[in-house]
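Structural overview
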2 protein chains.
Amino acid sequence: MSKNQRIRVAQWGLGAMGQGVAKVILAKDGLELVGAFDISPELAGKDVGEVLGVGPAGVKISNDPASILDPEKVDVVTIATTSWVKKQLPDLKAIISAGINVVSIAEEMAAPEAQNPEEAVELDALAKEHGVSAIGVGVNPGFVLDHLVVVLTAGSQEVTSIEASRINDLSPYGQTVLSTQGVGTTPEEFKAGVADGSIVGHVGFPESVRLISDALGLGVDRVEQTLEPIIAKVPRQARDRVIEPGKVAGCNHIAVGYRGDEEIIKLIHPQQVDPGAEGVDTGDYITIHGVPEISMSTGPEIAGGKATAGIAVNTIPRIFAATPGLKRIVDLPSPTALMGPEAYERR
Amino acid sequence: MSKNQRIRVAQWGLGAMGQGVAKVILAKDGLELVGAFDISPELAGKDVGEVLGVGPAGVKISNDPASILDPEKVDVVTIATTSWVKKQLPDLKAIISAGINVVSIAEEMAAPEAQNPEEAVELDALAKEHGVSAIGVGVNPGFVLDHLVVVLTAGSQEVTSIEASRINDLSPYGQTVLSTQGVGTTPEEFKAGVADGSIVGHVGFPESVRLISDALGLGVDRVEQTLEPIIAKVPRQARDRVIEPGKVAGCNHIAVGYRGDEEIIKLIHPQQVDPGAEGVDTGDYITIHGVPEISMSTGPEIAGGKATAGIAVNTIPRIFAATPGLKRIVDLPSPTALMGPEAYERR
């Protein structure tokens, strides 16, 4: 990108996350928001800036995806519609087939080969055929519990095993998120919810394990996941209610990547409302056993919603410049905050 | 690199750091140590593995640099001879002109445009002319106080300012290192040593500031550095002596990057012997002010000597695969621990 030539971006999906992404795009000098698509008839025809509450942006939201699938007008599409590769696949194929690069925040797209290997092969071939590139990024998977782990081994002579955890607070979230973590259920209801798939915990652990294992060549060949209820011992304050002692305050989701019988990568994500009520600090914690030993923490945790919108936008110049194909965050120079012209370019 | 084709590496310089690098190369399945050069006549003709104490490696150390400058036999040279670009320049030009990629651990090479802009332009042009790539890496500059900062902004919507510090313990080091930090001097001698250039503190701050500023586009236009003595309040135990109260236990080196009059990047490196004697924990600390706010720490600090040897070796596959020219760590996919075949390849 020359300094006078902005990257033209269209936003696909204007739910809460998509709106967050669009707002960051609008704030960046090096990017131009040139299109917006959403299926909601209520949004059709409205100026995207008005919907975002930042004043007119001169871009109308369309219900027709064809409105943003013109490679003469759009360089990159950012898509925020779902967590799942199979569900997003037709849209991704439409974007790529139109000859447009794509950044997805679908959790499974961070490393689609982990759980959707056939779709990964298909997307890679399609992207190469059309001379564009595609990537999935987000705060987790895609950053805190995988890319940051990978980068922390930049100076490692040896890595024998890795343990990382992310302790966050679900208090700001609404019913949809709380339900997927079983918040407010009894321990019995939690167990039943995990069994019937209504309580899913975190989406993206197989992808994070795969990203780390592939990046370092750790040879993990199997991932096992467990979901256990976090039972409130004291009243826990959610946004719109109190979780009483004895009820489920969240879900402790753990993934372990094995090489043979050996535990190589352990990722822990105890999502819960109001952990502070029981003296638990939020934060991200990474321990790399090897030479040298490395132990890192953040406090509080890197804010999830903000960082996911940020990383989607920060990845735009990287995927615009990438060679054709399906990429992962470990394949490209790291995305970074886009604060001035130099941030868009890499040598 | 195919999985059956190892990258052929030669080591230039077999001082303490060069020996550390060579030892890691020898330990990696995907790399082959094919040559070793050092100016010391005492090392000439000796097997490098014997010198390293790891048993015969089948590679003899030569006093003749021509012995390792054959692009038919060597893919990458790792060079460990000096901290300074101007001092290393003739060697770098010889390697690049021979058509061989090069990884340097000279501190100033992490971002040579910071203090050696003419040499940076010359090296970039020469590397492009000969179709190879060159890079400088190390624990600091090149990793902890710059690349890690840059990567932590992967999800940042905005960055307003950055402060980072690295508190380490000089106790394990010998006289050469202690002298450059003024350890054991009186406050008056420290002041005189800074003035006459015998006490230099940390080498690489302008390079770290430049790496961060360029990567994010922060527009820093000026770097100011200060060196202050850290006066022992209690006896401090060095490797071979005790620093008595009132004497200098180390050097608190600070660099501030300004954009106009605004302090944008502040880097702090209080190197000292035995900080624990005064209750100071060693560690690396990074705070990124912006959206979101991010605060990271490691404890203890990421071990410097081990990580510098590690990052030099881990960078070999990245510089081998890079497009021609002079690179910085932010230009390439991050180096990572090389634990298996996948670690050598990026999509």
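Thresholds, definitions, all that
- Residues numbered from 1 in each chain as written.
- Chains lettered and ligands numbered in written order.
- Predicted model: local features only at pLDDT ≥ 70, side-chain atom pairs only at ≥ 80, totals over all residues.
- Heavy atoms only, no water.
- Least-squares fit on C-alpha atoms with pLDDT ≥ 70 in both.
- Contact = heavy atoms within 4.5 Å.
- Buried area = accessible area lost by both parts, 1.4 Å probe.
- Salt bridge = Lys/Arg side-chain N within 4 Å of Asp/Glu carboxyl O.
- Polar contact = N/O pair within 3.5 Å; in protein donor to acceptor, adjacent residues only side chain to side chain.
- Helix = DSSP H or I, 4+ residues; strand = E, 2+ residues; numbered from the N terminus.
- Nonpolar A, V, L, I, M, F, W, Y, C, P; charged D, E, K, R; others polar.
- pLDDT = per-residue confidence, 0-100.
- Axes fitted to C-alpha atoms, helices over the stretch in contact; angles between N-to-C directions.
- Parallel < 35°, antiparallel > 145°, perpendicular 65-115°, else oblique.
- Buried < 20%, exposed > 50% of the residue type's maximum accessible area, 1.4 Å probe, protein only.
- Phe/Tyr/Trp six-rings, centres within 6.5 Å; stacked < 30°, edge-to-face > 60°.
- Pairing = 2+ DSSP bridges.
- Domains from an automatic or database assignment.
- Expected span 1.5 Å × (residues − 1).

Mapping chain A onto chain B leaves a residual RMSD of 0.0 Å; the transformation is a rotation of 180° accompanied by 0.0 Å of translation along its axis. Such a turn and shift between the copies fits a two-fold axis. It is Pro333 of chain A whose C-alpha, among those of chain A, lies nearest the rotation axis, at 2.1 Å. In this assembly the copies share their binding face: 100% of the residues contributing to the interface of chain A also contribute to that of chain B.

This brings us to the interface of chain A and chain B. Facing the 55 residues of chain A at the interface are 55 residues of chain B. Summed over both sides, the interface of chain A with chain B buries roughly 4500 Å², with 56% coming from carbon and sulfur. For the interface between chain A and chain B, the tally reads two salt bridges. Residue Arg347 of chain B pairs with Glu113 of chain A through a salt bridge whose shortest N-O separation is 2.5 Å. Counting every contact that joins chain A to chain B gives 33 residue pairs in polar contact (both at pLDDT 80 or more). At the level of elements, α5 (147–152), β7 (158–167), α8 (205–216), β14 (294–298), α9 (304–314) and β15 (325–327) of chain A are the ones that each hand at least two residues to the side of chain A that touches chain B. Looking at the side of chain A that touches chain B element by element, the count peaks at six residues for α9 of chain A. Looking at the side of chain A that touches chain B residue by residue, the classes come out as 29 nonpolar, 15 polar and eleven charged.

Turning to the confidence of the model for chain A, a few remarks are in order. In this model, chain A carries a mean pLDDT of 97, and residues with pLDDT of at least 70 account for 99%. Interface confidence for the predicted complex, expressed as ipTM, amounts to 0.97; the pTM equals 0.97.

A few words now on the packing of helix α3 (residues 85–97) of chain A against helix α4 (residues 117–130) of chain A. Residue and element names in this part refer to chain A. It is the contact of α3 with α4, at a shortest axis distance of 10 Å, that shows an interaxial angle of 10°. With respect to each other, α3 and α4 are oriented roughly parallel. On α4, the residues touching Val85, Lys86, Leu89, Leu92, Lys93, Ile96 and Ser97 of α3 are Glu119, Glu122, Leu123, Leu126, Ala127 and His130.

Our next topic: the pattern of salt bridges. What the rule picks out here adds up to 30 salt bridges over all chains. The salt bridge involving Asp70 of chain A is made with Lys73 of chain A; its shortest N-O contact spans 3.9 Å. According to the relative accessible area criterion, Asp70 of chain A is partly exposed, its value standing at 25%. Of the charged contacts in the structure, one is a salt bridge between Asp124 of chain A and Lys128 of chain A, with a shortest N-O distance of 2.9 Å. Taken together, the positions of Asp124 of chain A and Lys128 of chain A, both in helix α4 and four residues apart, correspond to about one turn of that helix. Here the salt bridges share partners, and the residues they tie into one network are Glu113, Arg210, Asp214, Arg328 and Asp331 of chain A together with Arg347 of chain B.

Attention now moves to the packing of aromatic side chains. All names here are of chain A. Scanning the model with the defined rule gives two aromatic pairs over all chains in all. Between Trp12 and Phe37 the ring centres are 4.8 Å apart and the planes differ by 75°, which places this aromatic pair in the edge-to-face class. Remark: Phe37 occurs in strand β2 (residues 31–37) and Trp12 occurs in strand β1 (residues 7–12); sequence separation between them is 25 residues. Using a relative accessible area of 5% as the deciding quantity, one classes Phe37 as buried.

Here we have seven strands laid out as an open sheet, ordered β3-β2-β1-β4-β5-β6-β15 (chain B), and parallel in their pairing. Looking at strand neighbours, the two that pair on one side only are β3 (61–62) and β15 (325–327) of chain B, the edges of this open sheet.

What follows covers the pairing of strand β13 (residues 283–291) of chain B. For a regular strand, side-chain orientation follows a simple rule: the groups alternate between the two sheet faces. Residue and element names in this part refer to chain B. Pairing of strand β7 (residues 158–167) with β13 involves nine bridges; the strand directions are antiparallel. Residue pairing across strands places Ser165 opposite Tyr285, the latter belonging to β13. Both β13 and strand β14 (residues 294–298) contribute to a ladder of five bridges, which runs antiparallel. Bridging from a neighbouring strand, Thr287 pairs with Ser295 of β14. Between β13 and β14, which pair antiparallel and follow one another directly, the connecting turn spans two residues.

Turning to unusual backbone geometry, a few remarks are in order. Across the junction of Asn140 of chain A and Pro141 of chain A, the peptide omega takes the value 5°, indicating a cis bond. In this fold, Pro141 of chain A is placed in the loop between β6 (133–136) and α5. The amide bond that connects Gly299 of chain B to the next residue, Pro300 of chain B, takes the cis arrangement and shows omega of -10°. Its identity as a non-glycine residue notwithstanding, Asp274 of chain A has a phi of 55°, on the positive side. The residue Asp274 of chain A is located in the loop between β12 (262–272) and β13 (283–291) in this model. Residue classification places Asp274 of chain A among the buried residues on the basis of a relative accessible area of 18%.

We now examine the environment of Ala27 of chain A. Residues and elements named next belong to chain A. Mapped onto the elements of the fold, Ala27 is located in helix α1 (residues 16–27). Among the residues examined, Ala27 registers a relative accessible area of 58% and is labelled exposed. For the pair Ala27 and Val54, spaced 27 residues apart in the sequence, the C-alpha separation amounts to 9.8 Å.

Turning to its location among the elements, Leu152 of chain A is positioned in helix α5. Spatially, the C-alpha atoms of Leu152 of chain A and Asn63 of chain A are 43 Å apart, while their sequence positions differ by 89 residues. Leaving out residues up to four positions away in the same chain, Leu152 of chain A has contacts with Ile286, Ile288, Ile294 and Met296 of chain A together with Phe143, Leu148 and Ile302 of chain B.

All names here are of chain A. The strand order across the open sheet built from seven strands is β3-β2-β1-β4-β5-β6-β15, with neighbouring strands paired in parallel fashion. For this open sheet the edge positions go to β3 (61–62) and β15, each flanked by a neighbour on one side alone. Both strand β4 (residues 76–79) and strand β5 (residues 101–104) contribute to a ladder of four bridges, which runs parallel. Across the sheet, Val76 pairs through a bridge with Asn101, a residue of β5. Of the strands in this sheet, β1, β2 and β4 are in contact with α1, which crosses β1 at around 165°.

Right, let's get into the domain arrangement of chain A. All names here are of chain A. Under the domain assignment, chain A is made up of domain 1 (7–139 + 305–343) and domain 2 (147–301). The C-alpha-based centres of domain 1 and domain 2 are spaced at 27 Å. Each side of the interface is counted separately: domain 1 has 15 residues, and domain 2 has eleven residues. For the pair domain 1 and domain 2, the summed buried surface comes to about 1200 Å²; carbon and sulfur atoms form 71% of the total. When the area that domain 1 buries against domain 2 is broken down by residue, the three leading residues are Glu107, Ile329 and Val330, summing to 32%. Our count for the contact surface shared by domain 1 and domain 2 stands at one salt bridge. A salt bridge links Arg328 to Asp214; the shortest N-O distance between them is 3.3 Å.

Further remarks concern helix α8 (residues 205–216) of chain B. All names here are of chain B. Taking 1.5 Å of rise per residue, twelve residues should cover 16 Å, and α8 covers 17 Å from first to last C-alpha, within 8% of that figure. Here α8 lies mainly inside the structure; eleven of its twelve residues are buried. Among the residues of α8, Phe205, Pro206, Glu207, Ser208, Val209, Leu211, Ile212, Ser213, Asp214, Ala215 and Leu216 are the ones counted as buried. Contacts made by the buried residues of α8 are with α5 (147–152), β7, β8 (222–231), β11 (248–259) and β12 (262–272).

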